[in-house]
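Summary of structural features
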Amino acid sequence: MAKFASICCNIVDGDWIESKDQSERGVRLLQTGNIGVGEYLDNHRRARYISLDTFGRLKCTEVFQGDILISRLPDPVGRACIVPQSVGKAIAAVDCTIVRLNNSLCNKRYFINYTQSERYYNELSKFLAGTTRTRISRKNLEKIEVPLPSLDEQRRIAAVLDKVSDLIAKRRQQLEKLDELVKARFVEMFGEPGTDKFGWGLRKLGDCCEINPKKAQDKRLTLDVEVSFVPMPTVGERGEFDASDIRCYREVRTGFTYFRENDVLFAKITPCMENGKGAIAKGLRNGVGFGSTEFHVMRPVAGVSTSHWLYTMSVLCPFRIEAEANMTGSAGQRRVPASFLKGYLVALPPIERQESFEAFAVQEDKVKCSVQKNLRRLEALKKSLMQRYFE
């Protein structure tokens, strides 16, 4: 084992860049949102920059290709990535730590894999500060311990884990392509959300579906009836939905959001909303579910709307961008109000056309299900390998 600081040539915090010093082009400003769990995330729509003049005036620390960035903020604290060549000239924001490893002591890919392990997060937990929003300081980050076998063994471990990670990435790319296919079919059949390409006329979304329906009319809800419980982490950004947590109605009847089979869940809080979290509720125990209060629920109306039409519209970029522009609340706690959904203008297609789209989407869902099963097996394999190498 070695202290993290002892295997680094350099470890520094990013720079504090005020909004007035940011610009539309110049030196790229890398932020915690660019740091995934073991991977660099690029988001051109939200890219931030500072000018070359500002870069020189502020004497910022430049980030180079191959540097490691670590986020000191959730989610999760401590996630890390390697800066790719495609980034170009860049600096890092203040909540990022820039790390240059001593390559004669620690292999870069080995370390990145270690930062995805349970042992790493257990190490971090010893030094976290804060309650509602935990974080770690650079000084405490330097104290965490890293298992350090020989360089040859590090390279071997990294090669094995990277191979499994590559297969996982390919499965995720398959899922992305399937999602894009369904979205493209939606636009082909209905046009972009908020437009009326086919002359059906614009109507309020609240007239096309029920927004946040009440549970009072659901006669299945006796105290001892079993229902599915769905917290926010069990809903994914590609429509994933886990209804396996079963509870009695008496446990969840207050303080949670009610929904039923085939309702559409829409994550209203930042950053879940911007990231596209949402799903069609499927496989609910007794056809009923309760979940996070940070969900809005859209219930299709028979003969008027379908679940797949509502869900796919809600994950398309034009809809999410408009929703983001209408969020209310303070930073970190901004939410899409129900009034936005109720008042959003949408072209309502004939129900036959929606049902045709639904049949197509259901077939694609079956393909996605097969890919997701394979993905879960690979993720389980990677987890077991990491336990073997790092625990």
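For every chain, the first residue of the written sequence is number 1, and numbering continues from 1 onward in sequence order. Restriction of local features to residues with pLDDT of at least 70 applies here, the model being predicted, together with a cutoff of 80 or more for giving and counting side-chain atom pairs; totals for whole chains, interfaces and linings are based on all residues. Only hydrogens and water are removed before side-chain values are computed, so all heavy atoms of the structure are retained for them.

1. Regarding the pairing of strand β19 (residues 288-291)
Filter applied, for reference: Exposed residues in this analysis have more than 50% of their type's maximum accessible area, buried residues have under 20%, and partly exposed residues fall in between, with area computed by a 1.4 Å probe over protein chains only. Helix numbers and strand numbers start at the N terminus; a helix is a DSSP run of H or I with at least 4 residues, a strand a run of E with at least 2. Pairing between strands is defined by DSSP: at least two bridges between them are needed.
Burial along β19 is two-sided: Val288 and Phe290 and Gly289 and Gly291, pointing in opposite directions, are all buried. Looking at chain direction, strand β14 (residues 226-230) and β19 are connected through 3 bridges and run parallel. Within β19, the residue paired with Val230 across the bridge is Gly291. Bridge count between strand β16 (residues 257-260) and β19: 4 bridges; the pairing is antiparallel. Paired with Arg260 across the strands is Val288, a residue of β19.

2. So, the packing of aromatic side chains
Here is the rule: Classification of ring pairs rests on two measures: the distance between centres of Phe, Tyr or Trp rings, Trp counted by its six-membered ring, which must be within 6.5 Å, and the angle between planes, read as stacked under 30 degrees, edge-to-face over 60 and tilted in between. Whether a charge sits over a ring comes down to the Lys NZ or Arg CZ being within 6 Å of the ring centre and within 35 degrees of the ring normal.
Within the structure shown, the criterion is met by 18 aromatic pairs. Summarising the aromatic geometry, the rings of Phe186 and Phe357 are spaced 5.7 Å apart at their centres and angled 80° between planes, so their arrangement reads as edge-to-face. Taken as a pair, Phe186 in helix α5 (residues 151-190) and Phe357 in helix α12 (residues 351-390) lie far apart in primary sequence, 171 residues in all. There is no split in this pair, since Phe186 and Phe357 are both buried. Classification of Phe357 as buried rests on a relative accessible area of 0%. Through a chain of ring-to-ring contacts, the aromatic side chains of Tyr110, Tyr114, Tyr120, Tyr121 and Phe390 assemble into a single cluster. Taking the ring centre of Phe198 as reference, the NZ or CZ of Arg353 above it sits at 5.0 Å.

3. Things to note about the packing of α5 against helix α9 (residues 307-315)
Inclusion rule: Under this scheme, a helix contributes an axis fitted over its contacting stretch, all axes are lines through C-alpha atoms, and angles between N-to-C directions fall in the 0 to 180 degree range. Angle categories are assigned with fixed cut-offs, so that under 35 degrees is roughly parallel, over 145 is roughly antiparallel, 65 to 115 is roughly perpendicular, and the rest are oblique. Should any heavy atoms of two residues lie within 4.5 Å, those residues are considered in contact. As a working rule, the residues Ala, Val, Leu, Ile, Met, Phe, Trp, Tyr, Cys and Pro are called nonpolar, Asp, Glu, Lys and Arg charged, and the rest polar, with Gly in that last group.
Their axes nearest at 10 Å, the elements α5 and α9 cross at an angle of 105°. Compared by their axis directions, α5 and α9 come out roughly perpendicular. In contact with Val182, Lys183, Phe186 and Phe190 of α5, α9 contributes Trp309, Thr312, Met313 and Val315. Residue composition of the contact of α5 with α9, by class: 6 nonpolar, 1 polar and 1 charged.

4. Section: the nonpolar core
Heads up, the condition is: Joining through side-chain atoms within 4.5 Å is the link that ties buried Ala, Val, Leu, Ile, Met, Phe, Trp, Tyr and Cys residues into a set, and such a set is a nonpolar core.
Ranked by internal contacts, the top residues of the largest apolar core, which has 36 residues, are Phe4, Ile70, Leu101 and Phe111. At the level of secondary structure, the elements contributing two or more residues to this core comprise β2 (8-13), β7 (68-71), β10 (96-101), α2 (108-114), α3 (118-125), α5 and α12. The contacts of Leu101, once residues within four sequence positions are left out, are Phe4, Ile7, Cys8, Cys9, Ile68, Cys106, Asn107, Lys108 and Phe111. Counting 32 residues, the second largest nonpolar core, distinct from the first, contains Val264, Trp309, Met313 and Leu341.

5. What to know about the sheet that holds strand β20 (residues 295-300)
The sheet built from 4 strands is open, its strands ordered β13-β20-β17-β18 with antiparallel pairing. Only two strands of the sheet have a single neighbouring strand rather than two, namely β13 (209-211) and β18 (278-280). Averaged over neighbouring strand pairs, the angle between their axes works out to 20° when direction is ignored.

6. Section: the sheet that holds strand β4 (residues 27-30)
In spatial order, the strands read β3-β5-β4-β9-β6; together these 5 strands make up an open sheet with mixed pairing. Lying at the two open borders of the sheet, with one neighbouring strand each, are β3 (22-23) and β6 (62-63).

7. Some details on the environment of Gly283
With respect to the helices and strands, Gly283 occurs in the loop between β18 and β19. For Gly283, a relative accessible area of 57% puts it in the exposed group. Excluding its chain neighbours within four sequence positions, the residues that come into contact with Gly283 are Ser228, Ala243 and Glu261.

8. With respect to the pattern of salt bridges
Under the convention used in this document: We count a salt bridge whenever a side-chain nitrogen from Lys or Arg sits within 4 Å of a carboxyl oxygen from Asp or Glu.
In the structure shown here, the tally under the stated rule is 24 salt bridges. Measuring nitrogen to oxygen at the nearest pair gives 3.0 Å for the salt bridge that ties Asp42 to Arg28. Of this pair, Asp42 sits in the loop between β4 and β5 (48-50) while Arg28 sits in strand β4, and the two are 14 residues apart along the sequence. On the basis of relative accessible area, Asp42 is assigned to the partly exposed category, the value being 38%. When the shortest N-O distance is used, the salt bridge between Asp152 and Arg155 registers 2.9 Å. Taken as a pair, Asp152 and Arg155 lie in helix α5 at a separation of 3 residues, close to a single helical turn. Overall, Arg155 belongs to the partly exposed group, its relative accessible area being 42%. Each of the salt bridges in this network shares a partner with another, and the network as a whole consists of Asp13, Arg72, Arg138 and Glu142.

Without other data, these values stay purely geometric and don't point to any function.
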